[in-house]
Number of protein chains: 2
Amino acid sequence: MYEKIVEAAKRLDGIAHKTPVHTSTLLNELTGNQIFLKCENFQRMGAFKFRGAYNMISSLSLEERQRGVVAFSSGNHAMATALTCKLLDIPATVIMPEDAPSVKTAAVKDYGATVITYNRRAESREQIAQELIDEFSYTLIPPFDAEPIIAGQGTVAKELMEEVGELDYLLVPCGGGGLLSGCAVSAKQLLPNCKVIGVEPELSNDATMSFKSGELQTINTPNSIADGLNTPSLGNITFPLINEYVDDLITVSEEDIKAAMYFLWTRVKVVVEPSGAVALAAYQKLAVKDKRIGVVLSGGNVDVRRVGELFKDIIN
Amino acid sequence: MYEKIVEAAKRLDGIAHKTPVHTSTLLNELTGNQIFLKCENFQRMGAFKFRGAYNMISSLSLEERQRGVVAFSSGNHAMATALTCKLLDIPATVIMPEDAPSVKTAAVKDYGATVITYNRRAESREQIAQELIDEFSYTLIPPFDAEPIIAGQGTVAKELMEEVGELDYLLVPCGGGGLLSGCAVSAKQLLPNCKVIGVEPELSNDATMSFKSGELQTINTPNSIADGLNTPSLGNITFPLINEYVDDLITVSEEDIKAAMYFLWTRVKVVVEPSGAVALAAYQKLAVKDKRIGVVLSGGNVDVRRVGELFKDIIN
């Protein structure tokens, strides 16, 4: 699998941003560790998802490209697919819930994709996608459970480790597990002693339950503020990879997530979405000192006009 | 003057952050230029002000250090003085208006400084400071009108130019003129062909009026949302330096400032305060293409819980 990550890195070279690694004197002092924040919120379209989508779509044959692609997502994967298709001049159709945030629907349309909306309570997005595939022979671009997607996301950890060197821990948020499994494969290749920890909201702890029990668990309609991680379950490809390469999974509360996000906004001065702050929220559960800890800030797509509501209970 | 900036850079080495320079594919596409954002919002305590305060305070004699310092400021200069004194173990007294944002007063206290509050309508902060100086022989750390302060701020442009090389323009926000004059001195030394443009809010355009008329102008109680730039006038040291080294000053509206700030938050994913977005707000007034433009994002200290109010009129 690692060689696919190396190939992905070549495909992404000069296209995706090599995102900066930020450090914070204050964060290091408060935690007693050296923390390296891999800022995928600064990635193109604002999240790591661009890496996987670009890696997969740019690998399609000329014929597949001409027929076009379809994706379903209410969030970052929709934007990643739309931006990639704009760059490669490929027709894209994105199926989004009719109650998706208007900023996200608008961004997808701005990138030139066709948006089809559906009613989340009455319709199945998988069925709508299948009908389009049957009719137009589109290629489906899955949000996480495909090797080219996982390989693209794995370049995040590869870049981080090549830049900062030795790490004792790597904290990665986990939704469907594309980012986590890809980063774990990179880590075990490049820094075999680095412990890779997946982090999930307590409210959507299906991956943690799956990892601990060894059997794939599903949570219907998980509802964390970390909306990017509200996937019902890991995938058929990501689950075995996580079992093999990840050292542990831990969960964080909604309050932990808000506090980490508030810290990142106010002290590190970076705009992260709730999902993007989940990995940092976990550092205190490690209860370690004098370690070098990589933390993936996965994305920054959030309605900044409404963020005050999230922070309203935080004093100072 | 430039040799003082070189000395300041040495004093700040390993203490102040060499802040990153961010670029945005989208911003370059939208403007038709290459824009280099010098991110002083990522500086320690969240603004460039740390450079000047640290440079001045670390140059004090042992005797002056033991007696302690005093500063008056409702914002970033207060935090910069307090953090510097914490690092150097020097007693600091900061005079702040009683209606200063509680987050800022709390930050100054967290750094260990003594805060004295006053009523902006009934009392004079200069007089309070003078009484403290008379009684305790504190050294006054002015917010901008002192050579060591200006020299510290000039390291911003020095670092930017040493990192990115040739620039056609450098846009710098202007309040009291410490940052602008210091950056202009650096620019004229390192890149003599780079045009240095100071940017002010229309609502506090005293520096622009001073520059155009050749005589120091004062605006009483300017009231821009860019609160860091609401200084009534340039100083006795900054004004002549700006006359000599700056190519032009231009002004931006409150709407321009909000739009630039919203762009930086939502597309570049960086937390900047209104003053920190002022220089970017000016780029369109240049009406140039295919140029390399440096833009100083001066700071990121803003109450993120209330920023929705600033953006409430912005659609999408």
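Residues numbered from 1 in each chain as written. Chains lettered and ligands numbered in written order. Predicted model: local features only at pLDDT ≥ 70, side-chain atom pairs only at ≥ 80, totals over all residues. Heavy atoms only, no water.

Draft legend 1. A look at the domain arrangement of chain A. Residues and elements named next belong to chain A. Domain assignment breaks chain A into domain 1 (2-47 + 146-315) and domain 2 (50-140). Between domain 1 and domain 2, the C-alpha centre-to-centre distance is 24 Å. Listed per partner, the contact involves 26 residues of domain 1 and 17 residues of domain 2. Counting each side, the surface lost to burial between domain 1 and domain 2 is near 1,700 Å², with a carbon and sulfur contribution of 60%. It is R11, R44 and M45 that lose the most area in domain 1 upon contact with domain 2, and together they represent 34% of the buried surface on that side. Across the domain 1-domain 2 interface, the total number found is three salt bridges. The interface formed by domain 1 and domain 2 holds nine residue pairs in polar contact (both at pLDDT 80 or more) in total. (Domains from an automatic or database assignment. Contact = heavy atoms within 4.5 Å. Buried area = accessible area lost by both parts, 1.4 Å probe. Salt bridge = Lys/Arg side-chain N within 4 Å of Asp/Glu carboxyl O. Polar contact = N/O pair within 3.5 Å; in protein donor to acceptor, adjacent residues only side chain to side chain.)

Draft legend 2. Local environment of the nonpolar core. Among the nonpolar cores identified, the biggest contains 80 residues, and L37 and W265 of chain A together with L37 and W265 of chain B are the most heavily contacted of them. Residues contacting W265 of chain A, with those up to four places away along its chain left out, are V270, V271, V272, V302, V304, V307 and F311 of chain A together with W265, V271 and V304 of chain B. (Core = buried A, V, L, I, M, F, W, Y, C linked by side-chain atoms within 4.5 Å. Buried < 20%, exposed > 50% of the residue type's maximum accessible area, 1.4 Å probe, protein only.)

Draft legend 3. Seen up close, the sheet that holds strand β10 (residues 292-297) of chain B. Residues and elements named next belong to chain B. Here six strands make up an open sheet; going across it, the order is β1-β2-β10-β7-β8-β9 and the pairing mixed. Whereas interior strands pair on both sides, the edge strands pair on one side only; in this sheet they are β1 (21-22) and β9 (248-252). For strand β8 (residues 195-201) and β9, the ladder comprises five bridges, and the chain directions are parallel. Counted as the bridge partner of G198 is L249 from β9. This element, helix α12 (residues 254-268), spans β2 (34-39), β8, β9 and β10 of the sheet and lies at about 85° to β9. (Pairing = 2+ DSSP bridges. Helix = DSSP H or I, 4+ residues; strand = E, 2+ residues; numbered from the N terminus. Axes fitted to C-alpha atoms, helices over the stretch in contact; angles between N-to-C directions.)

Draft legend 4. View of the interface of chain B and chain A. On the side of chain A, 32 residues touch chain B, which itself brings 32 residues to the contact. Overall, the association of chain B and chain A removes approximately 2,300 Å² of surface from exposure, summing both partners, and the carbon and sulfur fraction of that is 55%. Summed over the shared surface of chain B and chain A, the number is zero salt bridges. At the surface where chain B touches chain A, the tally comes to nine residue pairs in polar contact (both at pLDDT 80 or more). Put simply, the parts of the chain that give the side of chain B that touches chain A at least two residues each are α2 (25-31), α6 (102-110), α12 and α15 (307-310) of chain B. For the side of chain B that touches chain A, the leading source of residues is α12 of chain B, giving five residues. Counted by class, the side of chain B that touches chain A contains 15 nonpolar, eleven polar and six charged residues. (Nonpolar A, V, L, I, M, F, W, Y, C, P; charged D, E, K, R; others polar.)

Draft legend 5. Layout of the relation of the copies chain B and chain A. Mapping chain B onto chain A leaves a residual RMSD of 0.0 Å; the transformation is a rotation of 180° accompanied by 0.0 Å of translation along its axis. What we have between these two chains is a two-fold relation. Nearest to the rotation axis, the C-alpha of V270 of chain B is located 2.4 Å from it, this being the minimum over chain B. (Least-squares fit on C-alpha atoms with pLDDT ≥ 70 in both.)

Draft legend 6. Spotlight on unusual backbone geometry. Its identity as a non-glycine residue notwithstanding, M45 of chain A has a phi of 55°, on the positive side. Looking at the secondary structure, you find M45 of chain A in the loop between β2 (34-39) and α3 (49-57). In this structure, A287 of chain B is a non-glycine residue whose phi angle is positive, near 50°. Residue position: A287 of chain B is located in the loop between α14 (283-286) and β10. A residue is classified by how much of its surface remains accessible, and A287 of chain B, at 67% relative accessible area, is exposed.

Draft legend 7. The arrangement of the sheet that holds strand β10 (residues 292-297) of chain A in detail. Residues and elements named next belong to chain A. The six strands are arranged β1-β2-β10-β7-β8-β9 in an open sheet whose pairing can be described as mixed. Either end of the sheet is taken by a strand with one partner, and the two such strands are β1 (21-22) and β9 (248-252). Bridge analysis of strand β7 (residues 169-173) against strand β8 (residues 195-201) gives five bridges, and the strand direction is parallel. From the neighbouring strand, L170 faces β8, where its bridge partner is V196. Lying over the sheet, helix α10 (residues 206-213) contacts β8 and β9, oriented at roughly 145° with respect to β9.

Draft legend 8. Broad picture of the packing of helix α9 (residues 178-190) of chain B against helix α11 (residues 238-245) of chain B. Residues and elements named next belong to chain B. Packing of α9 against α11 leaves a shortest axis separation of 9 Å and a crossing angle of 40°. Taken as axis vectors, α9 and α11 run oblique relative to one another. The way α9 lies across α11 gives a crossing that is left-handed. Two secondary-structure elements touch here, α9 through G178, L180, S181, A184, V185 and K188 and α11 through T238, L241, I242 and Y245. Its residues assigned to classes, the contact of α9 with α11 shows six nonpolar, three polar and one charged. (Parallel < 35°, antiparallel > 145°, perpendicular 65-115°, else oblique. Left-handed = near helix turned anticlockwise from the far one by under 90°.)

Draft legend 9. Structural context of α10 of chain A. Residue and element names in this part refer to chain A. Turning to α10, its buried residues number three or more, namely D206, A207, T208, S210 and F211. Tucked into the core, α10 has its buried residues touching β8, α11 (238-245) and β9. Where α10 ends, the next residue or the one after it, G214, has phi of about 80°, a positive value.

Draft legend 10. Highlighting the environment of E244 of chain A. Relative to the helices and strands, E244 of chain A is located in helix α11. Sequence spacing of E244 of chain A and I225 of chain A is 19 residues, and the spatial spacing of their C-alpha atoms is 29 Å.

Draft legend 11. Quick look at the packing of aromatic side chains. All chains considered together, the criterion is met by ten aromatic pairs over all chains. Relative to F311 of chain A, the ring of W265 of chain A lies with its centre 5.9 Å away and its plane at 75°, an arrangement referred to as edge-to-face. Separated by 46 residues along the polypeptide, W265 of chain A in helix α12 (residues 254-268) and F311 of chain A in the segment after α15 (307-310) bring together distant segments of the chain. For the pair shown, W265 of chain A and F311 of chain A are each scored as buried. Three or more aromatic residues joined by ring pairs form one cluster here, namely Y262, W265 and F311 of chain A together with Y262, W265 and F311 of chain B. (Phe/Tyr/Trp six-rings, centres within 6.5 Å; stacked < 30°, edge-to-face > 60°.)

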